[in-house]
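Single-letter residue listing:
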Amino acid sequence: FKGRFFEEKKFIAGRRRYQHRHRQPQTHGNNRNLRTSKTGFEIIRFVTFSIATLPVTSWIALYAFNYSNRISICSDALSQEDNEITSVRSKLKKSAPSIGIENQLSEVRKLFSGSPKQIIVIAGVNEAGKSRFIAECVASVPVERGVTYINLSTMSDSLSTLTHAFVMAFNLQWLHMRHSLIDMLPFAGSEILVMKERFSGRDLTGCFYVITEALQQVQSVERKKDSELPVIFVDGLGDDNGSGWIRSPEGRSTLKRIIKWCIHITKERNLAHVVLSGNEELVWNVHQSRTTRGHVRAIGLANKSVEEGRQIVLQELPDARKEEIDMIMDNFGCFLYDLLTISREIQVRLARGTGKDDICSRKQIVSTVIEERYHSLVERITAAFSKSCDPDNNTPGTDRIGDGDGDDMDPYLDPLKAVYSEAQASQDQSDDQEENESLKEIRTWTKLQLWKTIERLATSEKGTITFADLRDKVFDGNVTPILDLMNEDILGFDVGSCDNFYSWEVQPATYALGRVFKHLVDTSYLRDEFLEMQQEEEGRIKLEEIEYERKHLQRERRRLDMRKVSLLKTVQLGKELKVNTDKVVDQNLKEVFFAMAEEDVAIEKRADKLRQELERVKQSTMHEDGHVTNFSSIHQKIKLAALQAYSKRNSKDRLDEAFNRLSNNQNEIRAADIVRMIKETSGEDVDMETANALIEAYDDDDNRQLSRAEFVHLLLSDDPLPIDDKKRRRTSSKL
């Protein structure tokens with residue numbers, strides 16, 4: 001500004017000299033007035049420009065101050081209580097006391113009193129009470145010790161928002177000022193937003209460095225004991241509010257960086273205690289990370305005890321009668337969220353004035369609320385089936401969570417994000433290949449996989465399955481569908497209290513869902529339908545295996561043909577060159593030829609066997625367009641199964657006992673029972689439609705089941721289908 005000021009003065013002086021040469025000379029008074037007016041105008045311009053640039057100058061000065069003192073400012077923030085912690089403490093005082101978390105709280109306090117050797121992970125399903133438990137832990141730590149609370153449950157849908165949460169929690173003012181400046185420049189277009197996401201990764205690294213140095217400074221100045229070290233709480237790590245960002249490569253890379261930093265300040269530096277809470281995404285990332293082995297203490301928020309569940313109901317519904325509490329507990333077990341919401345809903349409906357004192361009306365209200373909740377659970381399961389994919393091409397029936405529509409894509413912003421994304425920029429070519437392979441594995445569940453999961457959980461003795469067992473036996477080693485079902489609140493998990501997640505178990509998301517699972521499995525027509533679907537899938541898998549084996553044999557045959565051609569050319573070349581061969585060479589040629597001939601015969605036999613097996617599998621999987629069934633053979637196999645069950649009984653009523661054994665004590669035989677008994681006795685598979693047609697032939701009361709008398713009629717009959725013309729036409733039409 002000075003240089004420009006003096007240039008203007010030189011210009012004015014030059015103009016005066018020019019006027020003095022070419023014009024009439026002015027009086028001394030006029031020159032002085034002109035000089036005075038121009039000097040005043042320049043002063044006004046200088047003052048105006050200074051005032052206009054004062055905010056920018058002040059911002060630069062403040063930014064420089066905050067950057068140069070960033071570690072000391074963060075150290076002060078560690079020992080001060082911010083508005084977030086004050087809000088948590090005040091809300092906790094106003095709310096009702098927590099029930100059933102005393103053991104977990106005492107365990108956390110015990111860990112706080114020792115050296116920070118492990119990360120504390122509070123794990124639980126959705127609505128298990130994780131945030132409330134974290135609030136109780138925050139309230140139990142004295143203010144002077146140093147408490148930092150970061151809530152990510154509502155603002156972790158991108159790298160920039162997650163970084164901003166750490167910036168605000170630790171009072172990193174220089175980064176906050178820079179982020180605010182970027183947010184004030186919307187006119188700059190998409191490039192500014194992309195660069196903000198690009199630099200957010202560097203900002204997060206800067207956050208970790210400054211926080212670590214601030215913790216070290218606090219430790220070196222105050223010389224705190226292990227029981228006085230600061231405590232950092234991160235709530236909702238792994239939650240992304242359905243945006244799907246946390247499952248992207250960038251999201252999972254960020255989650256791993258946070259976990260590694262937490263291990264650095266706890267196990268390696270002993271600077272602070274760290275408590276993380278999250279859902280299945282956090283548990284899975286900790287489970288598969290090599291760096292967390294032995295450095296994580298898991299505390300699971302399991303269901304309450306029966307007595308604690310009763311206290312929760314009475315806390316929300318003080319005038320509840322014993323039979324009402326029993327009804328709620330029988331239907332919803334001890335799951336916290338269901339107990340709270342059902343009790344509050346009943347209280348709201350009773351407060352409307354109807355049925356408050358009338359026992360019948362109260363019972364009707366309680367029954368209605370419970371029934372409505374079960375309807376919503378059935379709708380949840382139905383939605384999960386509708387979101388399943390086609391087993392042939394793994395195409396989801398509906399859009400997956402986190403998948404955006406094509407109209408929502410920014411044609412300018414998205415390509416730039418792909419280029420400037422830190423996860424993309426920081427990985428080399430080998431990492432990209434591994435990432436692409438992992439992305440190929442991402443697929444949702446099929447209907448049959450979901451049914452198998454429900455069936456395993458419903459028939460399990462404890463109502464749980466180990467995660468590894470479900471992954472390997474139902475989902476073919478794929479983890480993504482299990483996490484998707486947990487995200488849909490169909491499945492839950494339990495980790496208990498342990499030092500690792502290798503034994504975590506999968507269970508229904510709620511106790512009520514477990515009851516719905518058992519009801520679905522006990523429903524005959526659903527069981528028959530999915531049994532037929534399972535047979536179709538098994539047939540499809542067999543066909544794929546046979547086709548793969550046939551292609552392998554074709555490759556072997558081509559290689560054998562090439563060897564034959566090579567041998568023939570060698571012999572012809574020897575004849576043309578008139579090479580004298582001795583008996584040893586001739587013997588070797590014969591041995592090679594006979595070995596090839598034997599290999600050719602073996603390949604032909606295997607190919608013929610595969611052709612026969614392929615025809616058999618195709619016939620067993622044919623339906624309306626080409627159904628092949630031998631009813632006489634099936635009829636004889638049913639008689640054989642009944643005879644075997646009959647011979648294993650020695651009592652007078654062994655026919656009834658054999659019937660009960662064949663029907664699984666259901667007092668009637670369904671199509672699934674026929675398929676099962678033939679599979680157990682002969683090892684052969686029977687089509688569900690064939691079994692249904694056979695039952696329909698002997699079903700006199702048209703209930704799609706065989707009673708004891710109808711089953712005896714089937715056993716004593718010589719004709720596999722002794723039905724009249726009307727029923728025969730109906731059965732033929734069905735086939």
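To keep things clear, this report deals only with the structure shown in the data block. Here the structure is a predicted model, which means the values were calculated and not measured.

1. Comments concerning the overall build of the protein chain
Item 1. What the protein chain contains, in helices and strands, is 30 helices and nine strands.
Item 2. Of all 735 residues assigned to the protein chain, the portion counted as buried reaches 40%.
Item 3. Counting contacts in the protein chain only where the partners sit at least 6 residues apart, residues at least 24 apart contribute 75% of the total.
Item 4. Summed over all atoms, the accessible surface of the protein chain reaches about 41,200 Å², with 52% contributed by carbon and sulfur.

2. So, the packing of helix α27 (residues 671-682) against helix α28 (residues 688-698)
Item 1. Look at α27 against α28: their axes get within 8 Å of each other, and the N-to-C directions meet at 115°. By crossing handedness, the relation of α27 to α28 is classed as right-handed. Side by side, α27 and α28 meet where Ala671, Ala672, Ile674 and Val675 of the first sit next to Met688, Ala691, Asn692 and Ile695 of the second.

3. Considering the sheet that holds strand β6 (residues 465-466)
Item 1. Pairing is antiparallel across the open sheet formed by three strands, whose spatial order is β6-β9-β7. Of all the strands in the sheet, just β6 and β7 (491-494) have a single pairing partner and so form its edges.
Item 2. Bridge count between β6 and strand β9 (residues 505-508): two bridges; the pairing is antiparallel. Residue Thr466 lies in a different strand from β9, and its bridge partner there is Glu505.
Item 3. Against the sheet, helix α21 (residues 480-487) makes contact with β7 and β9, and its axis sits at roughly 100° relative to β7, the strand it touches most.

4. Quick notes on the pairing of strand β1 (residues 119-123)
Item 1. With respect to burial, β1 is a largely interior element, five of its five residues being buried.
Item 2. Neither face of β1 is exposed, since Ile119, Val121 and Ala123 on one face and Ile120 and Ile122 on the opposite face are all buried.
Item 3. Note: β1 against strand β5 (residues 296-300), five bridges, orientation parallel. Counted as the bridge partner of Ala123 is Gly300 from β5.
Item 4. Relative to strand β4 (residues 273-278), β1 is paired through four bridges, and the arrangement is parallel. Within β4, the residue paired with Val121 across the bridge is Leu276.

Definitions and limits used
- Numbering of residues begins from 1 in every chain and follows the order in which that chain's sequence is written.
- Under the rules for a predicted model, residues below a pLDDT of 70 receive no local features and side-chain atom pairs below 80 are neither given nor counted, while totals for whole chains, interfaces and linings still include all residues.
- To obtain the side-chain values, all non-hydrogen atoms of the structure were used and water was disregarded.
- Working definition: helices are DSSP H or I runs of at least four residues, strands are E runs of at least two. Numbering for both runs from the N terminus.
- Only protein chains enter the accessibility calculation, which uses a 1.4 Å probe. A residue is then buried if its area is under 20% of the maximum for its type, exposed if over 50%, and partly exposed in between.
- It only takes one pair of heavy atoms within 4.5 Å for two residues to be counted as in contact.
- Accessible areas in this description were obtained via Shrake-Rupley with a 1.4 Å probe; residue shielding takes into account the shown protein chains only.
- Note on definitions: angles span 0 to 180 degrees between N-to-C directions of axes, and those axes are lines fitted to C-alpha atoms, for helices only across the stretch in contact.
- Take the far helix as your reference; a near helix turned counterclockwise from it by less than a right angle gives a left-handed crossing, and one turned clockwise gives a right-handed crossing.
- Pairs of strands are assigned from DSSP output, requiring at least two bridges between the strands.

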